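# Summary of structural features
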Amino acid sequence: MSMREGKSVVGIEEHEVDVLIVGSGGGGAPAARTLATAGLDVLVLEAGPRILPTDLTQRAMDTVRRIYVDKGAQETADGTVQILQGSCVGGSTLVNAEVCFPIPDAVLDEWARDFGVRGMSPDEMKPVFDDVMETIGATEDSRRPLTSISRMAGGFEKLGLALEPPLRNVRGCRGCNYCLTGCAYGCKQSVDRSFLPGALEANATVISDARVETIDVAGGAVREVVARTAHGTLRVRARAVVLACGAIATPLLLQDNGLGGPEVGEHLALHPICGPIGRYATGEGPGKAVVCGYCDDDWDRGYLLEAASIPLDFFATVVPGYGAAHRELARSVDQMSLIACIVRDSTAPGRVTRDRKGKKRIEWSLDAETEAKVRRGMRRVTEIHFAAGATEVILPQLEIVKIRSMAEAKRIDDLPIGPGYFNFLSYHPQGTARMGAVTDLDGRVQGTDNLYVMDTSLFPSPVGVNTQVPVMAVSTLLSRRLAGHLTA
Amino acid sequence: MGPSAAVVAALADTFFPPGPDGPAGSDVVPARLDDLLASLDPADVEELSMAVTLFEMGAVPLHGRRFSRLSAANREIYLGGWMRSRIPIRREVFRQLHHLMKNLYYADPASWSAIGYGGPPIDAERAS
C-alpha cells in the first residue's frame, strides 16, 4: 500500500498493473477500492496534489487557488456559469457541502426508459447506495448537528413546505460551517478518507501530481498510458484503464486521444445554481454546516432547494454591485441568508471541447424550459425568504437588484439572465460521455476493449441532486462488474 | 506583462472606495493581484491585461480621458456604464473585473471587520 507524490517520480518510471484508474475523486476512489479488494493490482493517478486536513486554512480564496480546478476560474465560454471542481486527491468530495442523496427513482426509471440503461433499476441500486452511505458515514446520526435548523425553516413551513436536514458524510462533525474550504478537522468523509484507505489497505498505489496526457490505443486495446509529473514521466501498461476525471476532464482526455466517437463532450448538464439572498433585520450566526436543510418542493418542477450558510468572507464575494452601494450591502452580510436553487437541466445543450489554441472550451446555454425553471425557482426562494421574515431579497445579478415584497417579485419574470447579467454556480457537471452512447452499459468506451469511464460523464440525464453519492454508487456498481470480468 | 498599476489601483478604489467601511481597494488589491498573476499562465495574464486596457481606454471617447485619470465620481459612472451596457463584451469585462476585485479584496483579513467577520476559528485553535 502506498500513497506517493508525483515529485518522487524522476525520469521515466514504468508500471505494469491490472487496472490503472485516472482520477481519485468520487468516481475513481470507489472503483479503486472495489477493484483492489477483489485482489487486483491497482494504480491510481491523480493530477492534483494530496491535501491533508492540517494543510487547510478555512480561507475561501486560499482554498480556491490551491484546490479548485483552474484556481476557481473554470467557467463557460460566455461566462454565465462558474464551474467549481476539486483538483486534489479526493477530488470535489474534499470541498463539497456533504449532502448525500441517492439517485431519485424517477431518474433511474428515466435512464432505463429513455436511454436503454439496464441493471440500474431502483431495486438493483438500493444495496449499492446503502453500501456507499455506510462507507462515507452518511447515517441518521449525521443529521443531528442540523436539527435546530435556521430561521428559514419557518419560511418553508408557512408555505406548506418542509426543510429537512440532509444525510451528510461526516463523522464527529463539530458544526464549524467551513465545509467548502475542506474539512480542517478531518470529519468530512470525503473519498480520500473513506474509500481510498480501503483501496490502500488492499495494496493499491496512489500517485498524486501526475497528469495523464496520452492514451495509446492500438487494435481497440489500450497499450500504454503516459502521465507527466514535475520531474518525470510515468508509462503504465494495464489490463484495463478507468477514466474518472469528472465530466469536464474525462471527455477532453478522450478527445485529445481521438477516442469515444462523435458524442464525446456533448450533452453537458451543469445543474446551474442560483440563489436569491434574503436580508433580515438581525443576524443569525453561522450555521452548523453549509447546507442545513433541503426541500424538494415539487420534484417535477425540476429544482432542489438547499438552505445554506457560508462563511462571511465567501458570502461577501457573491454580494452584487460595487462602490458605496456594495459596501452598504456587504456591511450587513451577517444578516443575510442563502437558499440555493439547484436546477435540473431540462435538455443538456452544453459541450466540452478545445478551441483552436488547444484551450478547453465549455459551452452551455439555457434552453427555454430550464430558464423557466430558473425563474420559477427564484420566485419560490423569494417567497420563502419573505415568509421567513426577510426585509428584502437581493437577486443574483451583477448589478444590485432588490425586491422588497412579493408584489415586486414580478420583476423576476423580466430579469435578464443572459451573459454578463447573471451568475450561476455549478458544482455538478455531468453527461459528457453518456452511458449507452459514448460507452456501453458497463462504461466501456466504444471502439475499445479495455478503456472505461466511471464518473459523472456517464450520466445519460442529470440526476437532479448533489452528485457525490450518485457517482460513488455508479462507479461502485460498474467496477464490481469490471472486477468480475478481470478475475473470471 | 500584468495590467498597469495605476489602472488596478483606480479600479480597486472604484469597487471599494476609501472610507470608514474597511480599507480602500487600492490598499489591499494590488499586492494580492501580483501574487495571483505570478501563479497564472502567461496567456491568462495577457488576456486580463487586455481586458483592463480595453476598459481603461474606453473612457476616452466618453469622458475625454482615460479611466484612471477620471475623478472618483466619473469613474463610478463609467464603471456602471459597463455593468449595464447593451454590448455583451463590456458586461463580460465588468463581470471579470467584479469577480477578480471581490475575490482579492475579501481574501484579505483587513477587509473582514467591516463585514462583521471574525475570521476562521482554526487560527486560534492552531495557535493554542
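Quick caveat, the model's predicted, so the values are computed rather than measured. (Residues numbered from 1 in each chain as written. Chains lettered and ligands numbered in written order. Predicted model: local features only at pLDDT ≥ 70, side-chain atom pairs only at ≥ 80, totals over all residues.)

### Remarks on the overall build of chain A
- A count of helices and strands for chain A gives 12 helices and 22 strands.
- A globule of 488 residues ought to have a C-alpha radius of gyration of about 23 Å, and chain A, at 22 Å, matches this closely.
- Projecting the C-alpha coordinates of chain A onto the three principal axes gives extents of approximately 65 × 45 × 45 Å.
- Considering only contacts in chain A between residues 6 or more positions apart, those separated by 24 or more positions represent 75%. (Helix = DSSP H or I, 4+ residues; strand = E, 2+ residues; numbered from the N terminus. Rg over C-alpha atoms; globule rule 2.2 N^0.38 Å. Contact = placed C-beta atoms within 7 Å.)

### Side note on the overall build of chain B
- The helix and strand inventory of chain B stands at seven helices and zero strands.
- Walking chain B from its N terminus toward its C terminus, one meets helices and strands in the order α-α-α-α-α-α-α.
- Each principal axis of the C-alpha distribution contributes one length, and for chain B these read about 60 × 35 × 25 Å.
- Looking at chain B as a whole, 33% of its 128 residues qualify as buried.
- Considering only intrachain contacts with a sequence separation of at least 6, the fraction spanning at least 24 residues in chain B is 54%. (Buried ≥ 20, exposed ≤ 12 C-beta atoms within 10 Å, placed from the backbone.)

### Focus: the domain arrangement of chain A
All names here are of chain A.
- What the domain assignment reports for chain A is domain 1 (2–51 + 93–138 + 189–265 + 432–487) and domain 2 (67–87 + 139–184 + 272–426).
- Computed from C-alpha coordinates alone, the two centres of domain 1 and domain 2 are separated by 29 Å.
- Listed per partner, the contact involves 27 residues of domain 1 and 32 residues of domain 2.
- Sorting the residues of the side of domain 1 that touches domain 2 by element identifies strand E5 (99–100) and helix H7 (246–256) as the ones contributing at least two each.
- The element contributing the most residues to the side of domain 1 that touches domain 2 is H7, with five residues. (Domains from an automatic or database assignment.)

### Comments concerning the nonpolar core
All names here are of chain A.
- If you look at the biggest cluster of nonpolar residues, it comprises 200 residues, and the most contacted ones within it are Ala-32, Val-42, Val-241, Val-242 and Cys-341.
- Here the element with the most residues in this core is helix H12 (residues 468–487); it accounts for nine residues.
- Not counting residues up to four positions away in its chain, the partners in contact with Val-242 are Val-19, Ile-21, Val-22, Ala-31, Tyr-452 and Met-454. (Core = buried A, V, L, I, M, F, W, Y, C linked by C-beta atoms within 7 Å.)

### Side note on the sheet that holds strand E17 (residues 350–354) of chain A
Residue and element names in this part refer to chain A.
- Spatially, three strands are ordered E11-E17-E18 in an open sheet, and the strand pairing comes out antiparallel. Both edges of this open sheet fall to strand E11 (266–268) and strand E18 (360–363), since each of them pairs with a single strand only. Within the sheet, the average angular offset between the axes of one strand and its neighbour, ignoring direction, is 35°.
- Of the pairings in the sheet, the one linking E17 to E18 comprises four bridges and is antiparallel in character. (Pairing = 2+ DSSP bridges. Axes fitted to C-alpha atoms, helices over the stretch in contact; angles between N-to-C directions.)

### Some words on the interface of chain A and chain B
- At the interface, 25 residues of chain A touch 26 residues of chain B.
- Of all the elements in the fold, those that place two or more residues in the side of chain A that touches chain B are helix H8 (312–318) and helix H9 (323–330) of chain A.
- Tallied by class, the residues present in the side of chain A that touches chain B amount to 13 nonpolar, six polar and six charged. (Nonpolar A, V, L, I, M, F, W, Y, C, P; charged D, E, K, R; others polar.)

### What about the environment of Phe-315 of chain A?
Residues and elements named next belong to chain A.
- Relative to the helices and strands, Phe-315 resides in helix H8.
- As for Phe-315 and Thr-76, which are separated by 239 residues in sequence, their C-alpha atoms are 22 Å apart.
- Non-local contacts of Phe-315, meaning those with residues more than four positions away in its chain, are made with Ile-310, Val-333 and Met-336.

### A word on helix H10 (residues 368–387) of chain A
Residues and elements named next belong to chain A.
- Compared with an ideal rise of 1.5 Å per residue, which puts 20 residues at 28 Å, H10 spans 29 Å between its outermost C-alpha atoms and is within 8% of the ideal.
- Of the positions making up H10, those classed as buried are Thr-370, Lys-373, Val-374, Gly-377, Met-378, Arg-380, Val-381, Thr-382, Ile-384, His-385 and Phe-386.
- The positive-phi residue at the C-terminal boundary of H10 is Gly-389, with phi of around 105°. (Expected span 1.5 Å × (residues − 1).)

### Brief notes about unusual backbone geometry
Residues and elements named next belong to chain A.
- Phi is positive for Glu-98, which is not a glycine, with a value near 65°.
- Here Glu-98 shows up in the loop between strand E4 (81–83) and E5.
- What makes Glu-98 buried here is the crowd of 27 C-beta atoms within 10 Å.
- A positive phi angle, near 50°, is found at His-271, a position not held by glycine.

### Quick notes on the packing of helix H1 (residues 5–15) of chain B against helix H2 (residues 25–39) of chain B
Residue and element names in this part refer to chain B.
- Interaxial distance between H1 and H2 falls to 8 Å at its minimum, and their mutual angle equals 130°. Taken together, the axis directions place H1 and H2 in an arrangement best described as oblique. The crossing of H1 and H2 is right-handed. Between H1 and H2, the contacting residues are Ala-5, Val-8, Ala-9, Ala-12, Asp-13 and Phe-15 on the first element and Gly-25, Ser-26, Val-29, Pro-30 and Leu-33 on the second.
- Each residue belonging to the contact of H1 with H2 can be placed in one class, and the counts come to eight nonpolar, two polar and one charged. (Parallel < 35°, antiparallel > 145°, perpendicular 65-115°, else oblique. Left-handed = near helix turned anticlockwise from the far one by under 90°.)

### Some points on the pairing of strand E16 (residues 336–343) of chain A
Residue and element names in this part refer to chain A.
- Counting buried positions along E16 yields eight of eight residues, so the element is predominantly enclosed.
- The alternating pattern of E16 places Met-336, Leu-338, Ala-340 and Ile-342 and Ser-337, Ile-339, Cys-341 and Val-343 on opposite faces, both of which are buried.
- Summarising the sheet, strand E12 (residues 273–274) and E16 pair through two bridges and their orientation is antiparallel. The partner of Cys-274 across the bridge, within E16, is Cys-341.
- The pairing of strand E15 (residues 303–308) with E16 spans six bridges and is classified as antiparallel. The residue of E16 that forms the bridge with Ala-308 is Leu-338.

### A few points about the pairing of strand E7 (residues 205–208) of chain A
Residue and element names in this part refer to chain A.
- Pairing of strand E1 (residues 2–5) with E7, which is carried by four bridges, proceeds in the parallel orientation. Across the sheet, residue Arg-4 finds its bridge partner in E7, namely Ile-207.
- Note that strand E3 (residues 42–45) and E7 share three bridges and pair parallel. Its bridge partner lying in E7, Val-44 is registered against Val-206.

### Topic: helix H3 (residues 105–115) of chain A
All names here are of chain A.
- Taken together, the buried positions of H3 are occupied by Val-107, Leu-108 and Trp-111. An end-on view of H3 places all buried positions within 105° of arc, on one side of the element. Projecting away from the buried face of H3 at angles above 90 degrees are the exposed residues Ala-106, Arg-113 and Asp-114.
- Residues of H3 that are buried make contact with helix H4 (122–135).
- Gly-116 occupies a position one or two residues after H3 and carries a positive phi of about 70°. (Arc of directions from axis to C-beta.)

### As for the confidence of the model for chain B
- For chain B, the average pLDDT comes to 94, and 100% of its residues sit at 70 or higher.
- Here the complex is predicted with pTM 0.96, and the ipTM for its interfaces comes to 0.96. (pLDDT = per-residue confidence, 0-100.)

### Digging into the environment of Arg-354 of chain A
All names here are of chain A.
- Note on placement: Arg-354 falls in strand E17.
- Accessibility expressed as a C-beta count within 10 Å gives 13 for Arg-354, which makes it partly exposed.
- Taking the C-alpha atoms as reference, Arg-354 lies 7.6 Å from Leu-252; in sequence the two are 102 residues apart.
- Arg-354 has contacts with Leu-252, Gln-255, Lys-359, Lys-360 and Arg-361, leaving out every residue within four places of it along the chain.

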